[in-house]
Amino acid sequence: MKFVRGEFRHGDADAFSARDFAGRIADLGHHGVSEDRGDHLLNPDLDQMIAATKMRDAAVLVPVVDRGPEATMLLTLRNASLRKHSGQIAFPGGAIDPEDGTAEHAALREAHEEIGLTGDRTELLGRLPRYLTTTGYSITPVLAVVRPPFDVVPNPDEVADVFEVPLSFLMDPRNHRSESRVWEGRERFYYTMPYQDRFIWGVTAGIIRTLYERLYA
């Protein structure tokens, strides 16, 4: 994986600026990227189920918006009419198509298709470990900084809303809750990160938790 550092450097910047975020990624390099994360970490009994599932490769863009000393993370609310994960908060992303070639290309393509985000406002910085889900996806989170100004045009067929959450809130472990519900007769645990009237949970919260563990813990 190639890390594109661009103009950002790790130094004396504020702890939750885009500059500091990019610097932490550059300092960490490839360490730990090959260690898969996923739903099974909070639910060890899912190990065998995930191992026996033929995973479909997918990618999401994890966009941190450069808002000066207080960067934000760009998230979407999925359309309530979608067949899967309807009404949930998610990163822009989807399945990696054969013509994509890389997870990075797929993440950028999906972000453009879903919310109109263009690549010229986006600087790719690296990856998180793959996130394995019980729904059969192997998701590669692609880390990026987005530079304002940029236009957001949600695709109404997929996205009901686009919003930003302060990075400082999401990287504070006091805002990470472990909750559970009964699914297919068994109790399943997952992370939640409620923010104002937004309920961030499941895979999205799991990826955010991975980001915290790798860069800010």
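Calculation criteria
Residues numbered from 1 in each chain as written. Predicted model: local features only at pLDDT ≥ 70, side-chain atom pairs only at ≥ 80, totals over all residues. Heavy atoms only, no water. Helix = DSSP H or I, 4+ residues; strand = E, 2+ residues; numbered from the N terminus. Buried < 20%, exposed > 50% of the residue type's maximum accessible area, 1.4 Å probe, protein only. Core = buried A, V, L, I, M, F, W, Y, C linked by side-chain atoms within 4.5 Å. Contact = heavy atoms within 4.5 Å. Polar contact = N/O pair within 3.5 Å; in protein donor to acceptor, adjacent residues only side chain to side chain. pLDDT = per-residue confidence, 0-100. Expected span 1.5 Å × (residues − 1).

## A short note on unusual backbone geometry
Outside of glycine, negative phi angles account for most residues, and trans bonds account for most peptide bonds. Residue Pro-149 is bonded to the preceding Pro-148 through a cis peptide linkage, with omega at 0°. Topologically, Pro-149 is positioned in the loop between strand E8 (137-146) and strand E9 (159-166). One non-glycine residue, Gln-196, adopts positive backbone phi at about 50°. Note on placement: Gln-196 falls in the loop between strand E11 (186-195) and strand E12 (198-201). The exposed category is assigned to Gln-196, whose relative accessible area is 69%.

## Quick notes on the nonpolar core
One finds Phe-21, Met-73, Leu-170 and Ile-200 to be the most contacted residues of the largest nonpolar core, which totals 37 residues. If you list the elements that add at least two residues to this core, you get helix H1 (18-28), strand E2 (56-65), strand E3 (72-78), E8, E9, helix H4 (167-170), E11 and helix H5 (202-216). Setting aside residues no more than four positions away along its own chain, Phe-21 makes contact with Val-64, Leu-125, Leu-143, Ala-144, Val-145, Leu-167, Leu-211, Leu-215 and Tyr-216. Among the nonpolar cores identified, the runner-up in size contains 17 residues, and Ala-59, Val-65, Phe-150 and Val-162 belong to it.

## Thoughts on the environment of Asp-36
Within the fold, Asp-36 resides in the loop between H1 and strand E1 (37-38). Distance from Asp-36 to Arg-130, taken between C-alpha atoms, is 5.1 Å for residues 94 residues apart in sequence. Residues in contact with Asp-36, not counting those within four places in the same chain, are Arg-130 and Leu-132. In terms of polar contacts, Asp-36 uses its side chain to reach the side chain of Arg-130, at 2.7 Å.

## Focus: H1
Since one α-helical turn is 3.6 residues long, residues separated by three or four positions face the same way. Residues of H1 that are buried: Ala-18, Asp-20, Phe-21, Ala-22, Gly-23 and Ile-25. Buried-residue contacts for H1 involve E2, strand E6 (122-127), E8, H4 and H5. Of the residues one or two after H1, Gly-29 is the one with positive phi, at around 65°.

## Re the environment of Arg-24
Positionally, Arg-24 belongs in helix H1. Classification of Arg-24 as partly exposed rests on a relative accessible area of 23%. For the pair formed by Arg-24 and Leu-215, sequence separation is 191 residues and the distance between their alpha carbons is 6.1 Å. There is a polar contact of 2.5 Å between the side chain of Arg-24 and the side chain of Asp-20.

## Some words on the confidence of the model for the protein chain
Counting all residues, the mean pLDDT for the protein chain is 87, and 87% of those residues have values of 70 or more. Confidence drops under a pLDDT of 50 for residues 1-13, and excluding neighbours within four residues, the segment shows 33 contacts in the predicted structure.

## Some remarks on helix H3 (residues 103-115)
When the terminal C-alpha atoms of H3 are compared, their 18 Å separation across 13 residues agrees well with the 18 Å that a helix rising 1.5 Å per residue should span. Within H3 the residues assigned to the buried category are Ala-103, Glu-104, Ala-106, Ala-107, Arg-109, Glu-110, Ala-111, Glu-114 and Ile-115. Once H3 ends, the next one or two residues include Gly-116, with phi positive near 75°.

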